[in-house]
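Reading the structure
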Amino acid sequence: QVQLVESGGGSVQAGGSLRLSCAASGSTFSTITMGWFRQAPGKEREFVAGINWGGGSTNYVNSVKDRFTISRDNAKSTMLLQMNSLKPEDTAIYYCAARKWGGPSSRPADYNYWGQGTQVTVSS
């Protein structure tokens, strides 16, 4: 079992920055793939970014490339999402997810554990 808790959400104006954090417990964090997803009202859950167990492999949805950076600190069992140049369309609930086996997939169904989410609101 893996427990995930997100933090760092909030409200910012367009062009601003936020840093999301995901704290993991209950398993060997350094061996599992992690990802960030988001869900806006009335829309399906969308992949944002993923990172493999060692941090050497990452991928992003095209809409956040060059603006968001995913990273992890295995010593602290923590994953981060640095979000810069935020846009109103980035407004959503952001979820942290963990995958027991495999690389940083963009499919929600490939992830085994989920956090409760943290709200990010970007105003124009």
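The structure this text deals with has already been given above.
The structure reproduced in this document is the subject of the present report.

Parameters and conventions
- Residues numbered from 1 in each chain as written.
- Predicted model: local features only at pLDDT ≥ 70, side-chain atom pairs only at ≥ 80, totals over all residues.
- Heavy atoms only, no water.
- Helix = DSSP H or I, 4+ residues; strand = E, 2+ residues; numbered from the N terminus.
- Buried < 20%, exposed > 50% of the residue type's maximum accessible area, 1.4 Å probe, protein only.
- Polar contact = N/O pair within 3.5 Å; in protein donor to acceptor, adjacent residues only side chain to side chain.
- Phe/Tyr/Trp six-rings, centres within 6.5 Å; stacked < 30°, edge-to-face > 60°.
- Lys NZ or Arg CZ within 6 Å of the ring centre and 35° of its normal.
- Pairing = 2+ DSSP bridges.
- Salt bridge = Lys/Arg side-chain N within 4 Å of Asp/Glu carboxyl O.
- Axes fitted to C-alpha atoms, helices over the stretch in contact; angles between N-to-C directions.

1. A word on the side chain of T33
Along the chain, T33 turns up in strand β4 (residues 33-39). Looking at T33, the relative accessible area reads 3%, which means it is buried. Polar side-chain contacts of T33 include one of 2.6 Å to the backbone oxygen of G102.

2. Digging into the packing of aromatic side chains
Considering all chains together, one arrives at 4 aromatic pairs under this definition. Ring plane angle 80° and centroid distance 5.1 Å describe the contact between F37 and Y111, whose orientation is recorded as edge-to-face. Residue F37 is found in strand β4, and its partner Y111 is found in the loop between β9 (92-99) and β10 (113-114); the two are separated by 74 residues along the sequence. Aromatic ring contacts, followed pair by pair, group F37, F47, Y111 and W114 into a single cluster. Sitting above the plane of the Y95 ring, R45 keeps its charged end 3.8 Å from the centroid. Cation over ring: R72 sits above F29, and NZ or CZ is 4.4 Å from the ring centre.

3. Things to note about the pairing of strand β1 (residues 3-7)
Of the two faces of β1, the one lined by L4 and E6 is fully buried and the one lined by Q3, V5 and S7 carries no buried residue. The sheet contact formed by β1 and strand β3 (residues 18-25) spans 5 bridges and is antiparallel. Within β3, the position partnered with S7 by the bridge is S21.

4. Topic: the pattern of salt bridges
Taken as a whole, this structure holds 5 salt bridges when the rule is applied. Note that E46 and R38 form a salt bridge whose closest N and O atoms lie 2.7 Å from each other. The closest approach of N and O atoms between D110 and R107, which form a salt bridge, is 2.8 Å. The class of D110 is buried, set by a relative accessible area of 18%. Each of R38, E46, R67 and D90 takes part in salt bridges that share partners, so that together they form one network.

5. A word on the sheet that holds β1
With respect to topology, 4 strands assemble into an open sheet ordered β1-β3-β8-β7, the strand pairing being antiparallel. The sheet terminates laterally at β1 and β7 (68-73), the two strands that pair on one side only. For this sheet, the mean angle separating the axes of adjacent strands, direction not counted, is 15°. Bridge count for β3 against strand β8 (residues 78-83) is 6 bridges, and the pairing is antiparallel. Of the residues in β8, the one forming a bridge with L18 is M83.

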